[in-house]
Amino acid sequence: MGNYRNFTTVMYCIAPWAARITEAELQRQIEFFNHYVKPDKVYLETFRSEWASQEQLDLCKRVFKDHGIAVSGGITTVTEDLSPEDSKRQRFYQTFCYSNEVHREHLKKVVTYTAENFDEFIIDDFFFSQCRCEDCRREKGDRSWAEFKMDKMREVSENLVIKPAKAVNPKINIIIKYPNWRESFQETGYNPAQQKDMFDMIYTGTETRHPVETEQHLPHYLSYSLMRFFENTKPGKNGGGWFDPYECYGIDTYLEQAYLTAFSKPREIMLFCWPSLYHNKVVTPLGFRLKDLDGILDKLGKPQGLPFYLPHNSQGEDHLEDYLGMAGIPLEPMPTFPAYAKTPLLPSSAPSVLVTASALEDRDIIPKIRNFINQGGKVIASSGFIIESLQRKNGIEDLTSIRFRGRYAETCEFQISRSGSSRMYYRKSGERIRFPVLEHRTNSSWSLLNAGSGDQHTSILIRDTNGRGELLTLAIPDLFSRIKKIPAEALTRIREELALGNIYLEGPPQLSLFTYDNGTFGLYPYTTLDSAPDWVKIHVKGKASALSPISGDNSFVSEPVKIAPLSQSETETIFEFRVEPGDYQFFKVEV
Ligand SMILES: [Zn+2]
């Protein structure tokens, strides 16, 4: 029995800390965390450039267990130079050179030591192989770096980690943690397509930190979407989501990582790392919020969003899905293309699917799309997918009249039609947004949304029918962060077209909608980037009698009031309520 019903709260203890902690100090630190977070389990690291001695590991294990905290192991594959010839290698973050015998032996030693101490261990995300020294180059031969690194890391996973660990501890559970840079994995050897079957479990990096003040500029929605991607990669075996307090610059920014990880329904919520969080103000509200979320998670079904096909080892229009997710479109990233079905059964089948340039990693993507559409499905393609397909002449011309001639348009006016009506009206954007110009043949394809300036416009949402289904092309701004500058009415039209389930959101950008398969949903308005309190409308297909707020275990309002419909027609029911940045709200749709 853990401290929470829906997830296990775990913390990571790094080796340099474990190497030095005294028993008295450890007692004090556990007391601090028990007060604020209530960890159920820790991952105790044996090696990270330096070793934690057997004596120190024994001390930590004993004290943690006395407090009812479970202990697993952890490894970080970074090391100081191990021999004089290491000075010739340029190793980012001191990661290993797996072409070098001294490094290889060292890793085996670390793994063996860890497997002797624990029945489970996790490998931190410095496992990648970046080294391009003379030895690595020689071994690579004619292969591309991506091919070589993926081959190499498969071999390293097998021979230097899994085999040596299982040799000393046959019941060991080995978890590989994947970093938050999925689109770059192949270049440094991470290869979940194969590694998911080699390792017992996988784990997800959900460290999004501050979207502006960090080098990576990760949209916060990644803390949710990457969790779902890895859940669909190894269903039931995605161990948890892992985030840290670095470069967050504000408690809410830190907490958002926890919220979005929790909304994805994780098994574990991993807080990295123990010494960085001890006496750190960001964790003081965390336990309070986790307890609240625990109560909400009791009532949520399985996450359900528009399937987003993201093949393994793919890149292209990186993180577009996260910017769409931040604009209120619920998504469900998955590494396999779903089959068509009228009623979604994710991740295997769905009535609609989203593809971006990343899908072109799949050589059979066009036949898959054609088949899906012909059966009655709706494929939503980004402009990046369409443009690159046209350049490759892969057969997309057969599915749409869109052609691209290298032109782009700076737009500030959006011409919108309501669904079911061809009458259009205008809304202006606060700043100019640059879209690719998707020329198409009118009445062969049909524009649902235009953007432009004065007497010339280009389409940003184009419908093509094929067989029993349709292809919908969405033009994407060249900077994805401009999606949030699209006027709310235009964005809402896009949300309506991309909705998988029965509901869509009408309201400002910078607001994520999370939908679940039991008629529940949640909204989260982000605290960063121009967010402000506002009113939103939720459109529910058909008749609904009310929205029942779902309260958590620490809700501000103890007896929440049901929301009555604002308006109702034969086809939909609309509800309206207020949202405030930093506060999630969850509801059940009452029929
Ligand atoms: Zn090397």
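Conventions we followed
In this numbering scheme, every chain counts its residues from 1 along its sequence in written order. It should be noted that, the model being predicted, local features are given only for residues of pLDDT at least 70 and side-chain atom pairs only at 80 or more, the latter also being counted only at that level, while totals for whole chains, interfaces and linings use all residues. Going along the chain from the N terminus, every DSSP run of H or I of four or more residues is numbered as a helix, and every run of E of two or more is numbered as a strand. Only the C-alpha atoms count toward the radius of gyration. The rule for a globule is 2.2 Å times the residue count to the power 0.38. A pair of strands is labelled paired if DSSP reports no fewer than 2 bridges between them. Structural elements are reduced to axes, namely lines fitted to C-alpha atoms, with helices fitted over the stretch in contact, and the angle between N-to-C directions of any two is expressed from 0 to 180 degrees. Left-handed describes a crossing whose near helix is turned anticlockwise from the far helix through less than a right angle; right-handed describes the clockwise counterpart. By the convention adopted here, residues are in contact when the distance between their C-beta atoms, placed from the backbone, does not exceed 7 Å. Following the grouping adopted for this structure description, the nonpolar residues are Ala, Val, Leu, Ile, Met, Phe, Trp, Tyr, Cys and Pro, the charged ones are Asp, Glu, Lys and Arg, and the polar ones are all others, Gly among them. A helix is expected to span 1.5 Å for every residue after the first. Bending is quantified residue by residue as the angle between axes fitted to the seven-residue window ending at that residue and the seven-residue window starting at it. For every domain, the bounds stem from an assignment made automatically or drawn from a database. For the purposes of this analysis, a nonpolar core is taken to be any set of buried Ala, Val, Leu, Ile, Met, Phe, Trp, Tyr and Cys residues that are connected through C-beta atoms within 7 Å. Here a residue counts as buried when 20 or more other C-beta atoms fall within 10 Å of its C-beta, as exposed when 12 or fewer do, and as partly exposed in between; the C-beta atoms come from the backbone. In these notes the angle categories are as follows: under 35 degrees is roughly parallel, over 145 is roughly antiparallel, 65 to 115 is roughly perpendicular, and the rest is oblique. Think of it like this: strands point away, you trace from the first strand over the helix to the second, and a clockwise trace means the crossover is right-handed.

Description of the overall build of the chain
Piece 1. A tally of regular secondary structure across the chain gives 15 helices and 28 strands.
Piece 2. Taking 591 residues into account, the globule formula puts the C-alpha radius of gyration at 25 Å, and the chain, at 25 Å, falls close to it.
Piece 3. By principal-axis analysis of the C-alpha atoms, the chain measures approximately 75 × 65 × 40 Å.

Topic: the sheet that holds strand S27 (residues 572-579)
Piece 1. An order of S21-S24-S27-S26 is seen for the 4 strands of this open sheet, with the pairing classed as antiparallel. Two strands in the sheet have a free side with no partner beyond their single neighbour: strand S21 (503-506) and strand S26 (567-568).
Piece 2. As paired strands, S21 and strand S24 (residues 534-541) are joined by 4 bridges and run antiparallel to one another. Residue pairing in the sheet places Ile503 in a bridge with Val540 of S24.

Focus on unusual backbone geometry
Piece 1. The omega torsion across Phe272 and Cys273 is -20°, close enough to zero to call that bond cis.
Piece 2. Along the chain, Cys273 falls in the loop between strand S9 (268-272) and helix H10 (274-277).
Piece 3. Here the amide bond leading from Leu346 into Pro347 is cis, since omega sits at 0°, within 30 degrees of zero.
Piece 4. Within the fold, Pro347 resides in the loop between strand S12 (339-340) and strand S13 (349-350).

A closer look at the packing of helix H8 (residues 222-233) against helix H9 (residues 251-263)
Piece 1. Relative orientation of the contacting elements H8 and H9 amounts to 30°, with a least axis distance of 7 Å. Read as a crossing pair, H8 and H9 show a hand that is right-handed. Listed contacts from H9 to Ser223, Tyr224 and Met227 of H8 are Gln257, Leu260, Thr261 and Phe263.
Piece 2. Partitioning the contact of H8 with H9 into residue classes produces 4 nonpolar, 3 polar and no charged.

Some words on the sheet that holds strand S25 (residues 546-550)
Piece 1. Overall, antiparallel pairing links the 4 strands, which are arranged S22-S23-S28-S25 in an open sheet. The outermost strands of the open sheet, each flanked by one partner alone, are strand S22 (511-515) and S25. Going from strand to strand, the sheet's axes swing by 30° on average, the running direction of each strand aside.

Remarks on the environment of Ile402
Piece 1. Among the secondary structure elements, Ile402 is positioned in the loop between helix H14 (383-392) and strand S16 (403-417).
Piece 2. As a C-alpha pair, Ile402 and Gly430 span 28 residues in sequence and 28 Å in three-dimensional space.

A few points about helix H6 (residues 145-168)
Helical geometry: 3.6 residues make up each α-helical turn, so side chains three or four residues apart lie on a common side.
Piece 1. The end-to-end C-alpha distance of H6, which contains 24 residues, comes to 33 Å, matching closely the 34 Å that a straight helix rising 1.5 Å per residue would cover.
Piece 2. Approximately 30° is the largest bend angle found in H6, and it occurs at Ile162, with the proline Pro164 only one to four residues beyond.
Piece 3. The secondary structure elements touched by the buried residues of H6 are helix H4 (101-117), helix H5 (134-140), strand S6 (173-178) and helix H7 (192-198).

Considerations on the domain arrangement of the chain
Piece 1. Entries for the chain in the domain assignment read domain 1 (8-297), domain 2 (301-496) and domain 3 (502-591).
Piece 2. One C-alpha centre belongs to domain 1, the other to domain 3, and the line joining them spans 35 Å.
Piece 3. Of the residues lining the interface, 16 residues belong to domain 1; the matching set on domain 3 comes to 17 residues.
Piece 4. Among the elements that make up the side of domain 1 that touches domain 3, the one with the highest residue count is helix H11 (residues 286-297) (7 residues).
Piece 5. Of the residues belonging to the side of domain 1 that touches domain 3, the class tally is 7 nonpolar, 4 polar and 5 charged.

Overview of the nonpolar core
Piece 1. Ranked by size, the top nonpolar core spans 172 residues in total, and within it Tyr12, Cys13, Ala18, Val42, Tyr259, Val355 and Val379 carry the most contacts.
Piece 2. With near-sequence residues (within four places) excluded, Cys13 lies in contact with Ala18, Val42, Tyr43, Leu44, Glu45, Cys60, Cys273 and Trp274.

As for H11
Piece 1. The terminal C-alpha atoms of H11 lie 16 Å apart, and with 12 residues this matches the ideal 16 Å at 1.5 Å per residue to within 8%.
Piece 2. Buried residues in H11 make contact with strand S1 (8-13), helix H2 (23-36), H9, S9, S25 and strand S28 (585-590).

Notes on the pairing of S9
On a regular strand, one side chain projects to one face of the sheet and the next to the other, so that they alternate.
Piece 1. With 5 of 5 residues buried, S9 is to be regarded as a mostly interior element.
Piece 2. Of the two faces of S9, the one lined by Glu268, Met270 and Phe272 and the one lined by Ile269 and Leu271 are each fully buried.
Piece 3. In the sheet, S1 pairs with S9 via 5 bridges, with the strands oriented parallel. In the strand pairing of S9, Val10 is matched with Met270.
Piece 4. For strand S8 (residues 238-243) and S9, the ladder comprises 4 bridges, and the chain directions are parallel. Each bridged residue has a counterpart across the sheet, and for Trp242 the counterpart in S9 is Met270.

Remarks on the packing of H2 against helix H3 (residues 54-66)
Piece 1. At a minimum axis distance of 11 Å, the contact between H2 and H3 shows a crossing angle of 40°. Here H2 is positioned oblique relative to H3, judged by the angle of their axes. Considering how the two elements wind past one another, H2 and H3 form a crossing that is right-handed. Contacts from Glu23, Leu26 and Gln27 of H2 reach H3 at Leu59, Cys60 and Val63.

Comments concerning the pairing of strand S15 (residues 378-382)
Piece 1. With 5 of 5 residues buried, S15 lies mostly within the body of the structure.
Piece 2. Here S15 shows no split at all, with Lys378, Ile380 and Ser382 on one side and Val379 and Ala381 on the other all buried.
Piece 3. In this view, the connection linking strand S14 (residues 352-355) to its parallel neighbour S15 by way of helix H13 (residues 365-374) has right-handed handedness.
Piece 4. Where S15 and strand S20 (residues 469-474) come together, 5 bridges link them in parallel fashion.

Quick notes on the environment of Ser459
Piece 1. Locating Ser459 in the fold gives a position in strand S19 (residues 456-466).
Piece 2. Sequence-wise, Ser459 and Pro508 are 49 residues apart; in three dimensions their C-alpha atoms are separated by 22 Å.
Piece 3. In contact with Ser459, not counting residues within four places along its chain, are Leu438, His440, Ser447, Leu449 and Asn450.

Brief notes about the environment of Glu80
Piece 1. For Glu80, the location among the structural elements is in the loop between strand S4 (70-75) and H4.
Piece 2. Glu80 sits in the exposed class, given 8 other C-beta atoms within 10 Å.
Piece 3. As for Glu80 and Cys131, which are separated by 51 residues in sequence, their C-alpha atoms are 14 Å apart.
Piece 4. The contact partners of Glu80, leaving out residues within four places of it in the chain, are Ser49 and Gln94.

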